[in-house]
Every structure is written in structure tokens, then in C-alpha cells.
Amino acid sequence: MSFGLATYGLGLLAGLLSTLSPCVLPLLPILIGSALQAHARAPLALAAGLALSYAAAGTLLARGAAMLGLDPGLFRQGGAVMLGLLGVVLLSSTLQQRFAARASRLSDWGHALLAGVRPDGLLGQFAIGLLLGLVWSPCVGPTLGGAVVLASQGSQLAQTALLMGLFGVGAALPIVGLAYLSRGAMARTKSRLQRAGKMGKALFGLILLLVSLAMLSGADRALEGWLLDHSPDWLTALTTRF
């Protein structure tokens, strides 16, 4: 499966929505406040650690799934079904809570590691960001899982790494954006982001369902061929470079 701009855009959107989750966003002012006490640029280090954590873990999971040696057609169909199931989860807050509860052991392990990290300076905040990927993974599992399944359909390591890298960038953007707002602006913005995150998750779930149906029916290949035939040469070269 070749990735186009739309696929990479979904990876970025999934990362953004992961940090806008109801169990993550309320914690950001506390984390950002602690980071700013450590260093003026500590939120950047925190965001970089989180982005790297998601990107590296997601790439390893996606490539591991892709290297299982399964029949390509069967693997594609399995990925489509998995995307559909994750889409259903994202459309239901109850299912998201159950998903997080089932994956809570990984979060507990991440909390134990986090307790042993000193938050001093840029390096300490970077380490905290790395571990937050583990701590938050049960809560953001549906969006992270959707990105991983999409990335596993890529035919090249560069495609997988770029998509998961964009997921990491998307997850880091709210941290950087909120870090340098005033307290009042942060409170107002957080409320808007919570509403946007809830609506965005539902939209992303619907998109995953549509992608799943397209993959199962083969419509995605027909659409990809049509887009390649009607896209400018520069855009085709850009989207097929990785």
C-alpha cells in the first residue's frame, strides 16, 4: 500500500487527537507548569520526548506486524477489519473507557518508571516525555492503534516511520501550543480543545470505518489510481517519494 498525503494527514490527526483525549488534556497544565519551573524551554523537551516515544514504538509495532510473513491479501483484509473495529471504539466513549481499562497494566508500568525520573532540566523533561507515551497509551490506544494499523500497511520502512513520526508531531503540538499561553488563555483554550477533541475523535472513527470499508471492497485502490491519474506530476512525486 502506497501512502498519499491523505494517509499522512490521518497520522497527524490521530496524534493530535490522542493528546486531546479527556484523560490526557486536563493533565497538560500541571505537566507544563512543572516543566516551566525546570527550564524555560522544558516544554519543548517534554514534547520532543513524547513525540519520539510514540514514533519509535509505533514504528516498531507497525513493522513487526508487517514482517509476520502473512499472506499480503490476508494481512490487508485483517488490517481493514482492525481499522473498522477501532473506528467503532472511537465512536463510543463507553468502549473507549473499556479499552483503557483492559490496557491499564501498561500504564501502571509506565507510572512506576515515571516515579523514578527526576524532572530537573531539559534532559529530565525529555525522559518524562518518553515515559508519557507508555503512561498514556491505554487512554489513547484507539487513535494510536489506528495509526499503527495504517502504518503497518506501508510497503517501506520510510513510509511507516514518516507516518508514525507525524503521529508523534501531532501528539506534541498541543503541549507546545499550550506551554506559552497565559494561564487565562490556557484555561479558555483547554475548554475549546476538549470539545474539539471529542468531536474530532468521532470524526476520526467515522473516517477509519470508511477506510476499512474501502479496503475491504477494493475501492481504495480504484480511488488511488484515479488520484494518481489526475494529480499534477509534482504532487504525485511528493506523495510517492516515501
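None of the values given here were measured: they were computed from a predicted structure.

**Here we look at the confidence of the model for the protein**
Taken over all residues, the pLDDT of the protein has a mean of 78, while the share at 70 or more is 77%. Taken element by element, the protein is modelled with least confidence in helix H12 (residues 233-239), mean pLDDT 51, and with most confidence in helix H9 (residues 157-179), mean pLDDT 89.

**Topic: the packing of helix H3 (residues 42-66) against helix H8 (residues 141-152)**
Interaxial distance between H3 and H8 falls to 8 Å at its minimum, and their mutual angle equals 50 degrees. What the angle tells us is that H3 and H8 run oblique. Relative to H8, H3 is oriented so that their crossing is right-handed. Across from Tyr54, Gly58, Leu61, Ala62, Ala65 and Ala66 in H3, the residues of H8 making contact are Leu144, Val148, Ala151 and Ser152. Of the residues belonging to the contact of H3 with H8, the class tally is eight nonpolar, two polar and no charged.

**Considering a nonpolar patch on the surface**
Taken together, the side chains of Val81, Met82, Leu85, Leu91, Leu203, Leu206, Leu210, Leu213 and Leu216 present a nonpolar region at the surface, about 830 Å² in accessible area. Among the elements that make up the nonpolar patch, the one with the highest residue count is helix H10 (residues 183-217) (five residues). Overall, Leu91 belongs to the partly exposed group, its relative accessible area being 45%.

**Brief notes about the environment of Ser152**
Following the sequence through the fold, Ser152 ends up in helix H8. Taking relative accessible area as the criterion, Ser152 reaches 6% and is therefore assigned buried. With 93 residues separating them in the primary sequence, Ser152 and Thr59 have C-alpha atoms 8.3 Å apart. Within the structure, Ser152 has its side chain in polar contact with the backbone oxygen of Val149 (distance 2.7 Å).

Conventions we followed
- Residues numbered from 1 in each chain as written.
- Predicted model: local features only at pLDDT ≥ 70, side-chain atom pairs only at ≥ 80, totals over all residues.
- Heavy atoms only, no water.
- pLDDT = per-residue confidence, 0-100.
- Helix = DSSP H or I, 4+ residues; strand = E, 2+ residues; numbered from the N terminus.
- Axes fitted to C-alpha atoms, helices over the stretch in contact; angles between N-to-C directions.
- Parallel < 35°, antiparallel > 145°, perpendicular 65-115°, else oblique.
- Left-handed = near helix turned anticlockwise from the far one by under 90°.
- Contact = heavy atoms within 4.5 Å.
- Nonpolar A, V, L, I, M, F, W, Y, C, P; charged D, E, K, R; others polar.
- Patch = residues over 30% accessible without salt bridge, like charges linked within 9 Å, V, L, I, M, F, W, Y side chains within 5 Å.
- Areas by Shrake-Rupley, 256 points an atom, 1.4 Å probe, with all protein chains shown as cover.
- Salt bridge = Lys/Arg side-chain N within 4 Å of Asp/Glu carboxyl O.
- Buried < 20%, exposed > 50% of the residue type's maximum accessible area, 1.4 Å probe, protein only.
- Polar contact = N/O pair within 3.5 Å; in protein donor to acceptor, adjacent residues only side chain to side chain.

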